[in-house]
Amino acid sequence: MTARMITVLIADDEQLTRESLRLILEADEEITVVADAADGREAVAAATALSPNVVVTDIQMPGMDGLAAALAIKRLAHPPRVVMLTSFAVDDYLFTALKAGVDGFLLKDSHPHELITAVKVVARGEAIISPSMTRTLIQRHTVAEPTAGAQERLRLLGQEQRTLLSLLAQGLSNSEIGARLKMSESQVKVHVSRVLRLLRLANRVQAAIFAYSVGLVPPASYAPLR
């Protein structure tokens, strides 16, 4: 295992699915699956014991489901990134998951390459949503969530920080944001973290929703977060 190897925990109640996900992920030389779990309780226990970089979990599982597991995992002292798999293009479960700071959402019928990309994207601290659900998810969540106080929070940001937030919300990666703002990728990461902290947001997905809710980015500007 190399120092840059991404460690992954898989959670799904179907053994065949777990084995398929393992084969897909370990086909990439930068990823290794350190464990799998058949339900949410096993997933939380394994995440606590093994501290993987990324947890890939189904939502619907018996006992403790993937959503409850993700909420518990995100409360760990050093939580891993979480990618949730769903059979539905937009599911009300995802609204709760967004609040909990889940980092990625993919449809279960996504191409294997999309899963590998998702794991790598969230492992480096960014966020990803399956392209077919991005705009609908963000718009529905914005409608469902009140925006009281959002403008006051936006005023905490300087002009450069607002520009960065706008680019982030349009789905640009750290390297692409850096090219636009003439910053290194490491500088972008620092500024993104600062913006999230000022706005009291958990991740880039929540930042995109916030940007939409305050009118900083028009709906037509959205691209899949990655």
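Given the structure is predicted, the values throughout are model-derived calculations rather than measurements. (Residues numbered from 1 in each chain as written. Predicted model: local features only at pLDDT ≥ 70, side-chain atom pairs only at ≥ 80, totals over all residues. Heavy atoms only, no water.)

## Some remarks on the environment of Glu 30
Put simply, the rule is: Note on conventions: DSSP H or I runs of at least 4 residues are helices, E runs of at least 2 residues are strands, and numbering of each starts at the N terminus. Contacts are assigned to residue pairs that have any heavy atoms within 4.5 Å of one another.
Within the secondary structure, Glu 30 sits in the loop between helix 1 (15-26) and strand 2 (31-37). A sequence separation of 25 residues divides Glu 30 from Met 5, and the C-alpha atoms of the two residues are 5.0 Å apart. Sequence-distant contacts of Glu 30, that is, excluding residues within four places in its chain, are made with Arg 4, Met 5, Ile 6 and Lys 120.

## What to know about helix 1
Threshold: Here the expected length of a helix is defined as 1.5 Å per residue gap, with one fewer gap than residues. Between buried and exposed lies partly exposed: a residue is buried under 20% and exposed over 50% of the maximum accessible area for its type, with that area taken using a 1.4 Å probe on protein chains only. Regarding the arc, it is the one traced by the directions from the helix axis to the C-beta atoms.
With 12 residues, helix 1 extends 16 Å between its outermost C-alpha atoms, agreeing within 8% with the 16 Å of an ideal straight helix rising 1.5 Å per residue. Of all the residues in helix 1, the buried ones are Thr 17, Arg 18, Leu 21 and Leu 25. Looking straight down helix 1, one finds that the buried residues subtend no more than 100° of arc, so they occupy a single side. Exposed and oriented more than 90 degrees from the buried face of helix 1 are Gln 15, Leu 16 and Leu 23.

## A word on the nonpolar core
Convention followed: Within this scheme, the nonpolar core is defined by two criteria: the residues are buried Ala, Val, Leu, Ile, Met, Phe, Trp, Tyr or Cys, and they are joined through side-chain atoms within 4.5 Å.
Judged by nonpolar contacts, the single largest core of 24 residues is most densely connected at Leu 165, Ile 177, Leu 199 and Phe 210. Secondary structure elements with two or more residues in this core: helix 7 (150-154), helix 8 (159-169), helix 9 (174-181), helix 10 (185-199) and helix 11 (204-213). Discounting residues that sit within four places of it in the chain, Leu 199 has contacts with Arg 153, Leu 154, Leu 157, Leu 165 and Phe 210. By size, the runner-up hydrophobic cluster in this structure holds 23 residues, among which are Ala 69, Ala 72, Ala 97 and Val 205.

## A look at the sheet that holds strand 3 (residues 54-58)
Short version of the rule: Any two strands are treated as partners once DSSP identifies two or more bridges connecting them.
The strand order across the open sheet built from six strands is 2-1-3-4-5-6, with neighbouring strands paired in parallel fashion. Sheet topology places strand 2 and strand 6 (128-129) at the edges, where each strand pairs with a single neighbour. In the sheet, strand 5 (residues 104-107) pairs with strand 6 via two bridges, with the strands oriented parallel. Paired with Phe 105 across the strands is Ile 129, a residue of strand 6.

## Brief notes about the packing of helix 9 against helix 10
Let me state the cut-off plainly: Here, axes are lines fitted to C-alpha atoms. For helices the fit covers the stretch in contact, and angles between N-to-C directions go from 0 to 180 degrees. For this classification, under 35 degrees means roughly parallel, over 145 means roughly antiparallel, 65 to 115 means roughly perpendicular, and everything else is oblique. Amino acid classes used here: Ala, Val, Leu, Ile, Met, Phe, Trp, Tyr, Cys and Pro are nonpolar; Asp, Glu, Lys and Arg are charged; the rest, including Gly, are polar.
Across the interface, helix 9 lies against helix 10 with an axial gap of 8 Å and an inter-helix angle of 100°. With respect to their mutual orientation, helix 9 and helix 10 come out roughly perpendicular. Between helix 9 and helix 10, the residues in contact are Asn 174, Ser 175, Ile 177 and Gly 178 and Glu 185, Val 188, Lys 189 and Val 192, respectively. Residues that form the contact of helix 9 with helix 10 fall into these classes: three nonpolar, three polar and two charged.

## Here's the deal with the confidence of the model for the protein
Going by this rule: By definition, pLDDT measures how confident the predictor is in each residue, and it falls between 0 and 100.
A residue-level look at the protein finds 83% of positions with pLDDT of 70 or above and a mean pLDDT of 84. At the level of individual helices and strands, the protein shows its lowest average pLDDT in helix 6 (residues 134-144), which scores 57, and its highest in strand 1 (residues 6-11), which scores 98.

## Remarks on unusual backbone geometry
One non-glycine residue, Ser 51, lies in positive phi territory at about 50°. Structurally, the position occupied by Ser 51 is in the loop between helix 2 (40-50) and strand 3. You can call Ser 51 partly exposed: its relative accessible area is 48%. Phi at Arg 200 takes a positive value of approximately 60°, unusual for a residue other than glycine. Its location among the elements puts Arg 200 in the loop between helix 10 and helix 11. When its relative accessible area of 61% is taken as the criterion, Arg 200 is described as exposed.

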